[in-house]
Every structure is written in C-alpha cells, then in structure tokens.
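Residues per chain, in single letters:
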Amino acid sequence: MSQKEKNISSKIDFNQDERLQKVSKLRLLLNRPELGALGGAILVFIFFGIIAGDSGMFSAYGILNFLDVSSNLGIIAIAAAMLMIGGEFDLSIGSMIGFAGICIAIPAIYWGWPLWMSIIFAFSMAVLVGYFNGLLVVKTGLPSFIVTLAMLFILRGATLAFTRLITGRTQVPGLSVLIENDPIAWIFATDTFKWFFTWLGSMNLIAMRTDGLPLASGIPISVIWFIALTILATWILMKTRYGNWIFASGGDKNGATNVGVPVGKVKIGLFIGTAVASTIFACIQVLDAGSADTMRGNLKELEAIAAAVVGGCLLTGGYGSAIGAALGAIIFGTVSMGIFYTDVDTDWFKVFLGAMMLLAVVFNNYIRKKVTESK
Amino acid sequence: MSEYLIQFNNISKFFGKVIALKDVTMKLRKGEIMCLLGDNGAGKSTLIKTLAGVYKPDEGEIIFEGNKIVFDSPKDALDIGIGTVYQDLALVSLMSVTRNFFMGREPQKGVSFFKTFDIEKANKIAAERMGQIGIDIRDPSQAVGTMSGGERQCLAISRAIYFGAKVLVLDEPTSALGVHQASMVLKYIVKAAANGLAVILITHNVHHAYPVGNSFTVLNRGKSLGTFQKKDISREELLSMMAGGEELNKLEVELKEMDRLNS
C-alpha cells in the first residue's frame, strides 16, 4: 500500500448524516401493511356492535355465520395476497372454483369414482392450471392480468361446456350421500369442536333447537382452514427464505434475478397456490351444499383481490401481508352478513365493498410513499 | 503466483460484425483501484458483462490468482470472487435492509421442511456491516427506500464484499449522486481497497475517478488507449483522452470561428 493510500484510509471518518431522524414507534407501526385493515376491522365491529348488538348477530350462531363467510373468502384472499406480493394477479380464481367443483362432482357421480379420488383429481387439475398460468406469465413476459383473464373465460367456458356435454345440465347434485364413509371428505366437510357446543348448550349458554341440539352445532371447517392458512402464509412470508424471495420477486424482478433469486419458479409456485386455494374453497362449498354448480365462485377473484388490497397489498407487488388479507376478508364477510341484521337494504353491500377498496388504495398509496420516501 | 490478483489479457468481444471490444488488457493487484474511463459507447457495458461472466470473451484470457479461468455463467464469476455491483444495485426499496442484504442467499436454521430464515442472525450481520461503513441503521428492518442514494450504493457494495468478493466491479457507482453522497461512496471504495480488495471502478466522471484511482484505463470505441499510473498522467490529460481530445480541439476552433463571424 502506498503512503498516499494509508493517509486516505486513516483519514476516513464517516460522519453520521445529520438529517437522519429518529424513527418513532408509531412510525414503525404505520409501516406494517396490515394496519389499515386492522383499523377497518375494529371500526366494522364497533359499528355493528352499536347498531346490531342486540339483533342476534353476536350470538354464537350469528358469529359462526359471518365467520364462515369470512373464512371462505379468506382462504382465497390469502393465496391472492401472496401472489400479489409476488407481483402478479390471478383473475381465474373464480373460474377455478367452478372448475374444481365440477372436477369433483362429475367423476364421483357419473364415472363412479370414489369421492376421495375425485378430490385428489381436482387438486391435480388445480396444480396443472396454476402451473400453466405461471409458466405462461413467466415465459411470455405478458401481464398476468391478461393471461389469467383469458384463463377466466377458458376455464368457465370449459366447465360449462363439459358439464352440459356429460350431464345435460349445469348443476351436479347428489354428493351428500358420498361424504358419509369417505376417508378424506371430512377434511372439507365437518363441523369441529361439536362437544364444546353441546356442552355450551347443556349449560344453557347458547340457543338450542327444539330437538335439543345447539343451534350452532360446531365451528365450520372453513374457519379451521382459514386460520391454518393464515398461519402458514405468514410463516412462509416472514420466516422462510422462500418468503424473502416472494417479496423480492414482486419488488424488483431484475434485481432479484441478479442476486440469484429463482424468480420464475417463485411465481409459478404462487400461481399454483391460488389455484389450490380455489380448490380448497370449492371442496368446502361443494361438499357443504352437496352439489356442484358450474357458476360457483363467479366474481370471487375480484372479492379476493379486494380483500388483499384492503389488507395492505400493493397492486404493484413487493408489499403486503397475509394477516392483512385475512383481516380484509373478515371485514367483507362481517359486513356482508351483518347487513342482514340491520335495517339497511342489502343492496348497499357492493357500494360498501367498492368504497372500502378505494379508501384502502388511497391509504396504502400514502403508506408506500412514507415507506420509500428518500431523504 | 503472479503479482497480479487478476489479469485480463487481450480481451476481445464481437457481436456479429460489430467489434465491441478489441485487445483490452487490464491487470490488478490486491488493494489497487483501477478506474475504467470511457465515453458512452466506448464498450464499458460490454467489458463489465465480460468481467461478470455474462458474456464469454471471443479472444483473450482471464487469469485469476495465477490460473487461467473461463466463466460459463455469472455464478461462476461470483463463486471465484468477482462481485459486480450494477447500476440498478439490485435492491428492492420496499424491503428491509436485512432482507435486501441477504436477498437470494438467506442464512437458514432448523431442519428440512421447517428450515427458517434466521432473521436475528441476518439482522445482526447487516447492522454490523453497515455500522462498519459508518451507516448507522438503528433498525435493520427499516425499508431500503428510506436510505439515501449513497447509503444504498454502500449497502450494495457491502453485500458484494460480505459474500466473498475479492475483485469488486462497480458500474458507475457515483453517477446519480450529489457531491456529498458521491464522496461517501468513494471513501468506502478506498477503504475496501485498503482491506485488500481489487477494485475496478467504471465511470465517465474523471473528477470522481482521479482522486481515488491508482491506475486508469481509458476505453475508446472498444479499444483500450492504454493503462496509466496516476503519477504519469494528469486529470486534464485523462479528460481530453477520454473525450477524444481532438474533437474538443476541433470544437474550440469552430466556436472561435463562429465568434469571429458574429462580431
């Protein structure tokens, strides 16, 4: 090393930038993506607590009712949120729900497959559809909005056409009897914690039916799925290497590629995730209703994206949280059910949904500016 | 073992009929900062990509620690210790300092399916590394977007060093920065070299290059105009060589002529 260099290196002192401000605790909290959704959820509960508090909405039966609706939406909203964080959209969620339902019903009813085999078949198809969506987006570089919009039409059309071709109608009923002795159908079709509700009923803590069983018979399986998926998604996003890759892929595709993140694989995985979540949704609904409908899941993709956005996901990717999306789903589910307990005409629900989403986008945009603003 | 850490001997790169690089030779010792100067279109980008393993040179050889090497992919270059920091820095502004620092190379703990990203360890290392540069990030979970341009550049360089770079290739690290920020980055580069790294600093700004460089290679239209030690060349000479001194002289004459006609 020359004398000159030594002089330079010894003289280095990195003064702290005097313009750095101390970051307050509040600011740190504001940086969490789910903050807006948390505030929204609290407001919704206060609102219905005041105007519908004594209407039965918050009885055991009422709570399970809106939790069930929230949970169903939440299952797809969480997958949609993860995909959005990874920088892509999936508009084919709703069509995938209808398609998966038919994939279960037709083999089980018309081809004589055991129910568990049909369910596995539906999930295999979901993986294929998700893989195809992802591969198409990654390989062509086209916006996922367009690719999955095409898939929305293709899947819904194919579902309708095949069903009519095979069955001559658009609905396939008769699944209820198959659930009874099936080895895996219970994963999607049981009320859980029944003993707890029976006990609550015997203690006269919750309302009973005339036949002596509690009105709310147990926690719907959708709620269990919803909670499990929220935990799983949050764990993946926050605690694993794969989670970091999801944020990186959505935040800056080129940058992520340059440092060795397998962006293509990450995105394909996330597309498979939304298709599989749609199939879980379909299993729960189809087995609950006992029939598959080709129109099932119509427009659900938009509700899922709305819940993810309310939950703090940025439309441009790289930012968001699974807990936020879960809260978004709870807000929508609670309002859509709660509105029945009020004097408000249910027609207003969509107005609320739209207004809530607008508000969320404005709020999120503000937050993003705060987070990324340069000194 | 040769006295040079890395040598690029007579590197040429052709794209069809276009000669992007012709017979470019550079040699670097440990602790040396070589500035690669050139105007737009001089072949800087091609040379960087050749150094980083993106392109294979059509002629010439790369000798690293005395052994001839061939890169088949950017990963090969990374693995032997050539760390390239591109102009876009490969940083995601919405992600935290730690998550950016370890992006794609996250430390893990636990077993098989339950392996988790060891965020505590990562936070600690990131804060430590940034502290060494004098960037006090009280909270390594703050978003990179809140950092200044100079700090981001330092983060990207620091990351390359942490992951084992022996030769740092820096693409225009000061081009988008103000004077204060640029000097912060240049100080860090000098410090990195003092710790034994070889640095190739690519820039078109002689004023940033001259104070920190030990030697200067000037590229013009794909050819090297030579490598000069600092003692052998002045800032003005470098500048005129880089811009094509002749052209500037011609311009001066033309302007004088216009002045004469106008008056």
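Residues numbered from 1 in each chain as written. Chains lettered and ligands numbered in written order. Predicted model: local features only at pLDDT ≥ 70, side-chain atom pairs only at ≥ 80, totals over all residues.

Engineer: Residues and numbers for the pairing of strand β3 (residues 33-38) of chain B, please.
Structural biologist: Residue and element names in this part refer to chain B. In terms of burial, β3 is largely enclosed, as six of its six residues are buried. Of the two faces of β3, both are covered, the one formed by Ile33, Cys35 and Leu37 as well as the one formed by Met34, Leu36 and Gly38. Pairing analysis gives five bridges linking β3 to strand β10 (residues 198-203), with the strands arranged parallel. Directly across from Met34, in β10, lies its bridge partner Ile200. Sheet analysis places β3 next to strand β11 (residues 215-220), joined by five bridges and oriented parallel. Paired with Met34 across the bridge in β11 is Ser215. (Buried ≥ 20, exposed ≤ 12 C-beta atoms within 10 Å, placed from the backbone. Helix = DSSP H or I, 4+ residues; strand = E, 2+ residues; numbered from the N terminus. Pairing = 2+ DSSP bridges.)

Engineer: I'd like a description of the packing of helix α5 (residues 93-109) of chain A against helix α13 (residues 263-289) of chain A, backed by residues and values.
Structural biologist: Residue and element names in this part refer to chain A. Close contact between α5 and α13 brings their axes to 8 Å; oriented N to C, the two are set at 55°. Between α5 and α13, the interaxial angle falls into the category oblique. Handedness of the crossing formed by α5 with α13: right-handed. Here Ile93, Met96, Ile97, Ala100, Gly101, Ile104 and Ala105 of α5 lie close against α13, whose contacting residues are Thr274, Ala275, Ser278, Thr279, Phe281, Ala282, Cys283 and Val286. (Axes fitted to C-alpha atoms, helices over the stretch in contact; angles between N-to-C directions. Parallel < 35°, antiparallel > 145°, perpendicular 65-115°, else oblique. Left-handed = near helix turned anticlockwise from the far one by under 90°. Contact = placed C-beta atoms within 7 Å.)

Engineer: Give me helix α10 (residues 221-239) of chain A: which residues, what numbers.
Structural biologist: A turn of α-helix holds 3.6 residues, and therefore any two residues three or four places apart point the same way. Residue and element names in this part refer to chain A. For α10, which comprises 19 residues, the first-to-last C-alpha distance of 26 Å matches the rise-based estimate of 27 Å (1.5 Å per residue) to within 8%. Among the residues making up α10, those that are buried are Ile221, Ser222, Val223, Trp225, Phe226, Leu229, Thr230, Ala233 and Leu237. Those residues of α10 that are buried are in contact with α4 (60-85), β2 (191-192), β3 (219-220), α11 (241-251), α13 and α15 (322-338). (Expected span 1.5 Å × (residues − 1).)

Engineer: Run through the domain arrangement of chain B, naming residues and quoting values.
Structural biologist: Residues and elements named next belong to chain B. Here chain B is partitioned into domain 1 (6-91 + 160-235) and domain 2 (95-142). Distance between the C-alpha centres of domain 1 and domain 2: 28 Å. Each partner contributes residues to the interface: domain 1 has four residues there, and domain 2 has four residues. Across the side of domain 1 that touches domain 2, the residue classes break down as four nonpolar, no polar and no charged. (Domains from an automatic or database assignment. Nonpolar A, V, L, I, M, F, W, Y, C, P; charged D, E, K, R; others polar.)

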